[in-house]
Structure formats: C-alpha cells, structure tokens
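Summary of the model geometry
Each chain, written out:
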Amino acid sequence: MNVRNCKKCGKLFNYAFGPQVCPECLGAEEELFQKAKKYVQDHPGCDMQELSGEIEVDATQIRQWIREERLQFADNSSITIQCEKCGASIRSGRFCEKCKNDMSHGLKDAFGMNKPLQKPEKKKRDPVENKMRFL
Ligand SMILES: [Zn+2]
Ligand SMILES: [Zn+2]
C-alpha cells in the first residue's frame, strides 16, 4: 500500500493516482472549483479580486485552475495568467501561442522523456519479434 502525506493538509492517506492530495481535500477543492465555474458563468466580466473574494479561494488556486484549462474566461476578461516561458499574458494553459510554436519545433528533444508509452509500442512493432511469431 502506498501511504503519503497530503500536500494540502499533511494528513496521511492511501495514495492511488493523480494529485498527491487526500480525498477530503480533493473533494473540498472540487466543490470550490464548481463554485468558481458557476460564478464565472454568471459573471463573465469579473476580475480576479472579485472572484477570489466571492468564492473565498486565493488567486493562486484560481490561476492553477486556469493553467489546467479547467476555468476559462471571456476574451475581454481582465483575468489572465502568465506564459511560463516568456511571461506574456495568456488566458489558459501554460504557454502563449508564440512559445507553443517555438516549442513544437524542438518537441522531441524537450519532451522525449515524458513519453513512457513509447518503449512498449516500439517493442510491439519490432520486425524481428513479429517474424518469430509467424514462423
Ligand atoms: Zn488533505
Ligand atoms: Zn510565451
């Protein structure tokens, strides 16, 4: 069994997958998120201060949701986050369009290690293995 400390409250819990947060904190966060989402739907022009005050959650958490592309705002909204690379204002995700374009060129090098599925796939397609199976 995999027991870990919750990143939010520090409590020990049985960790299975996903964020390292205990079920209680995860539930509380989900509740807040639903509140935030509803508030944004009802008040598309709200700003960060208003939103965080209204649902009693700090701006850091709200930005996190925006980064995870769970929360989205209207094009004329004043709420933005910063591109992790160049600091430009963006409305969702981690990088601005320009940095995304720049990165797609060097994608293989930069994210090659983030593809754990690549190895087993390669093995399946191995011609020697296939041949042996059919012999
Ligand atoms: Zn917790
Ligand atoms: Zn950028």
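Look a little higher up for the structure.
Residues numbered from 1 in each chain as written. Chains lettered and ligands numbered in written order. Predicted model: local features only at pLDDT ≥ 70, side-chain atom pairs only at ≥ 80, totals over all residues. Heavy atoms only, no water.

Another aspect to go through is the nonpolar core. One finds Leu51, Ile62, Trp65 and Leu71 to be the most contacted residues of the largest nonpolar core, which totals 23 residues. Where this core is concerned, the elements lending two or more residues are helix H1 (23-42), helix H2 (48-55), helix H3 (59-67) and helix H4 (97-105). (Core = buried A, V, L, I, M, F, W, Y, C linked by side-chain atoms within 4.5 Å. Buried < 20%, exposed > 50% of the residue type's maximum accessible area, 1.4 Å probe, protein only. Helix = DSSP H or I, 4+ residues; strand = E, 2+ residues; numbered from the N terminus.)

Scanning the model with the defined rule gives 2 aromatic pairs in all. Their ring planes at 65° and their centres at 5.4 Å tell us that Phe33 and Trp65 sit as a pair that is edge-to-face. Pair noted here: Phe33 is in helix H1 and Trp65 is in helix H3, with a separation of 32 residues, a long-range link. When its relative accessible area of 0% is taken as the criterion, Trp65 is described as buried. (Phe/Tyr/Trp six-rings, centres within 6.5 Å; stacked < 30°, edge-to-face > 60°.)

Moving on: the coordination of the zinc ion (ligand 1). Binding of the zinc ion (ligand 1) to the protein goes through Cys6 (SG), Cys9 (SG), Cys22 (SG) and Cys25 (SG), at separations of 2.2 to 2.3 Å. Angles of 105 to 115° at the metal separate the 4 donor atoms of the zinc ion (ligand 1), which places the site in the tetrahedral class. Mapped onto the sequence, the donors of the zinc ion (ligand 1) take the spacing C-x2-C-x12-C-x2-C. Accessibility classification places Cys22 together with Cys25 in one group, the buried group. (Donors = N, O, S within 2.8 Å, 3.2 Å for Na, K, Ca; no water. Tetrahedral: all angles 85-135°; square planar, octahedral: opposite > 155°, others 65-115°.)

On to the coordination of the zinc ion (ligand 2), then. At 2.3 Å from the zinc ion (ligand 2) lie its protein donor atoms, namely Cys83 (SG), Cys86 (SG), Cys96 (SG) and Cys99 (SG). Each of the 4 donor atoms around the zinc ion (ligand 2) contributes to a set of angles spanning 102 to 118°, which defines the coordination as tetrahedral. Each donor residue of the zinc ion (ligand 2) lies on one chain, and together they are spaced C-x2-C-x9-C-x2-C. Placement of the pair is Cys83 in the loop between strand E3 (81-82) and strand E4 (89-90) and Cys99 in helix H4, with a sequence separation of 16 residues. Under the relative-accessibility criterion, Cys83 is labelled buried at 4%.

This paragraph deals with unusual backbone geometry. Residues other than glycine seldom take positive phi values, yet Glu56 does so here, at roughly 55°. On the secondary structure map, Glu56 appears in the loop between H2 and H3. For Glu56, a relative accessible area of 69% gives the class exposed. For Glu69, which is not glycine, the phi torsion reads 60° and is therefore positive. Within the secondary structure, Glu69 sits in the loop between H3 and E3. Residue classification places Glu69 among the partly exposed positions, given a relative accessible area of 47%.

What follows covers the packing of H2 against H3. As a packed pair, H2 and H3 sit with axes 9 Å apart at the nearest point and diverge in direction by 110°. In terms of their interaxial angle, H2 and H3 are classed as roughly perpendicular. Contact residues: H2 offers Met48, Leu51, Ser52 and Ile55, while H3 offers Ala59, Ile62, Arg63 and Trp65. Per-class residue counts for the contact of H2 with H3 are 6 nonpolar, 1 polar and 1 charged. (Axes fitted to C-alpha atoms, helices over the stretch in contact; angles between N-to-C directions. Parallel < 35°, antiparallel > 145°, perpendicular 65-115°, else oblique. Contact = heavy atoms within 4.5 Å. Nonpolar A, V, L, I, M, F, W, Y, C, P; charged D, E, K, R; others polar.)

Quick look at H1 now. Taking 1.5 Å as the rise per residue, H1 with 20 residues should run 28 Å; its terminal C-alpha atoms sit 29 Å apart, in good agreement. Where the residues of H1 are buried, they touch H2 and H3. (Expected span 1.5 Å × (residues − 1).)

Among the surface-exposed residues, Asp47, Glu50, Glu54 and Glu56 lie close enough to one another that they form a single negatively charged patch. Following the sequence through the fold, Glu50 ends up in helix H2. (Patch = residues over 30% accessible without salt bridge, like charges linked within 9 Å, V, L, I, M, F, W, Y side chains within 5 Å. Areas by Shrake-Rupley, 256 points an atom, 1.4 Å probe, with all protein chains shown as cover. Salt bridge = Lys/Arg side-chain N within 4 Å of Asp/Glu carboxyl O. Lys, Arg positive; Asp, Glu negative; His and termini not counted. Charge placed at Lys NZ, Arg CZ, Asp CG, Glu CD.)

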